[in-house]
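What follows is the residue order along each chain.
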Amino acid sequence: MKKRTSKILIIDHGVGNIGSLVNALNFLNFDAMPVDHEDNFKQSQNQCGFILPGVGTFDEGMKNIRGKKLDRVIEKLVKSDVPGLGICLGMQLLCKQSEESSKNETGLGYFDASVKFLDNSKAPVPSIGWNSTYQSCAVGNKNLELLNGDFYYLHSYYVKCWDINNRVACYKHGDSEVTAAIEKNSLLGVQFHPEKSQYQGLSLIKNFFGGM
């Protein structure tokens, strides 16, 4: 078996099961390293990226991130231009604000975007299952085809980009185009679950982090 040398941190804020993500990273021969508190964080030279996952509510996610001081970990990684991937709720936590919050909780604010409730007059909510996803522009210097294809979705809220140019992929919810992916600097957020999207999702993870 090839030795795992590229480490990817998983920001484990306690909302959602990270088991499938760890399995996906190990399958791709990455060294998956969950970090559940700032005290357990050590930035290493061969760290090739981090993932902010999440299945749950916006308020619970932000409460846990701040309580565990993981917002400081993310800030250090972003300032160091370490590539980061936000998945589903993780993507939404990287935005400025969310309609889901009952406490006017603010997000981490790296994406100039807000989180809105999906329109249930256009299609069933939550949106569950496979959807064709369409990439509208290149993601950094990565493969143009990374976000084109079918991915697995499970969500009731979506990201509304304040600057539409930051949206790099979308999918159809009824007759509306919904943000599937947003990018800013070294951060990419995806509404779908690449770790559950079989070959297409694994290819995205591998190529985004420069898989070995």
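All of these numbers come straight from a predicted model, not from anything done at the bench.

Peer 1: So what exactly am I meant to see when it comes to the overall build of the chain here?
Peer 2: If you tally the helices and strands in the chain, you get five helices and twelve strands. Against the 2.2 N^0.38 benchmark of 17 Å for 212 residues, the chain shows a C-alpha radius of gyration of 16 Å, consistent with a compact globule. For the chain, the C-alpha atoms occupy an extent of roughly 50 × 40 × 30 Å along the three principal directions. Put simply, the chain has 212 residues, and 51% of those count as buried. For the chain, contacts bridging at least 24 residues in sequence account for 71% of all contacts bridging at least 6. About 9900 Å² of surface is accessible on the chain, with carbon and sulfur atoms providing 46% of the total. With 23 positive and 22 negative side-chain charges, the chain shows a separation of 5 Å between the mean positions of the two kinds.

Peer 1: Just to check I follow, could you spell out the pattern of salt bridges for this structure?
Peer 2: Side-chain pairs of opposite charge can arise where the charged atoms are in close proximity. Counted according to the given criterion, the structure contains nine salt bridges. In this structure, R72 engages E38 in a salt bridge whose closest nitrogen and oxygen atoms are separated by 3.6 Å. Here R72 is found in helix α3 (residues 70-79), whereas its partner E38 is found in the loop between β2 (31-35) and β3 (47-52), with 34 residues between them in sequence. Given a relative accessible area of 41%, R72 falls into the partly exposed group. A residue is classified by how much of its surface remains accessible, and E38, at 15% relative accessible area, is buried. Among the ionic pairs, D175 bridges to K122, the shortest N-O distance being 3.2 Å. A residue pair is termed long-range when its members are at least 10 positions apart, and D175 in the loop between β10 (167-173) and β11 (176-184) and K122 in the loop between β6 (111-117) and β7 (127-135) qualify at 53 residues. Salt bridges linked by common partners bring E38, R72 and K76 together as one network.

Peer 1: How should I be thinking about the packing of aromatic side chains in this particular structure?
Peer 2: Any two aromatic rings considered together are summarised by their centre-to-centre distance and by the angle between their planes. Under the definition given, this model contains seven aromatic pairs. Taking the centre distance of 3.9 Å and the plane angle of 20° together, the rings of F151 and F192 count as stacked. With F151 in strand β8 (residues 149-155) and F192 in the loop between β12 (187-190) and α5 (198-208), the pair connects residues that are 41 residues apart, well separated along the chain. Residue class for F151 comes out buried when judged on its relative accessible area of 0%.

Peer 1: Hey, could you run me through the nonpolar core in this one?
Peer 2: Across soluble globular proteins, nonpolar side chains have a tendency to be buried as a group. One finds L25, L85, L147, L188, V190 and F209 to be the most contacted residues of the largest nonpolar core, which totals 34 residues. Broken down by element, the residue count for this core peaks at four residues, all from α5. Excluding anything up to four places from it in sequence, L25 contacts I8, I10, F30, A32, I51 and I205. With 31 residues, the next largest nonpolar core counts I74, C95, A113 and V159 among its residues.

Peer 1: I'm lost on the sheet that holds β11 in this one. Help?
Peer 2: Each strand in a sheet pairs with its neighbour through backbone hydrogen bonds, running either in the same direction (parallel) or in the opposite one (antiparallel). Spatially, β2-β1-β3-β4-β12-β11-β10-β7-β8 is the arrangement adopted by the nine strands of the open sheet, whose pairing is mixed. Taken across any chain shown, the strands that pair with only one partner, and hence form the sheet edges, are β2 and β8. On average, adjacent strands in this sheet sit at an angle of 30° to one another, irrespective of strand direction. Where β11 lies against β12, four bridges are found, and the strand directions are antiparallel. Bridging across to β12, I182 finds its partner in G189. Sheet strands touched by α5: β4 (84-87), β7, β8 and β12. Its angle to β8, the strand with the most contacts, is close to 95°.

Peer 1: Help me understand the sheet that holds β6, please; the structure alone is not making it clear to me.
Peer 2: On the basis of which strands lie adjacent, the open sheet formed by three strands has the order β5-β6-β9 and mixed pairing. Of all the strands in the sheet, just β5 (95-98) and β9 (157-161) have a single pairing partner and so form its edges. Direction aside, the axes of adjacent strands within the sheet are offset by 30° on average.

The rules behind each value
- Residues numbered from 1 in each chain as written.
- Predicted model: local features only at pLDDT ≥ 70, side-chain atom pairs only at ≥ 80, totals over all residues.
- Heavy atoms only, no water.
- Helix = DSSP H or I, 4+ residues; strand = E, 2+ residues; numbered from the N terminus.
- Rg over C-alpha atoms; globule rule 2.2 N^0.38 Å.
- Buried < 20%, exposed > 50% of the residue type's maximum accessible area, 1.4 Å probe, protein only.
- Contact = heavy atoms within 4.5 Å.
- Areas by Shrake-Rupley, 256 points an atom, 1.4 Å probe, with all protein chains shown as cover.
- Lys, Arg positive; Asp, Glu negative; His and termini not counted.
- Charge placed at Lys NZ, Arg CZ, Asp CG, Glu CD.
- Salt bridge = Lys/Arg side-chain N within 4 Å of Asp/Glu carboxyl O.
- Phe/Tyr/Trp six-rings, centres within 6.5 Å; stacked < 30°, edge-to-face > 60°.
- Core = buried A, V, L, I, M, F, W, Y, C linked by side-chain atoms within 4.5 Å.
- Pairing = 2+ DSSP bridges.
- Axes fitted to C-alpha atoms, helices over the stretch in contact; angles between N-to-C directions.

Shape descriptors only; they carry no functional weight alone.
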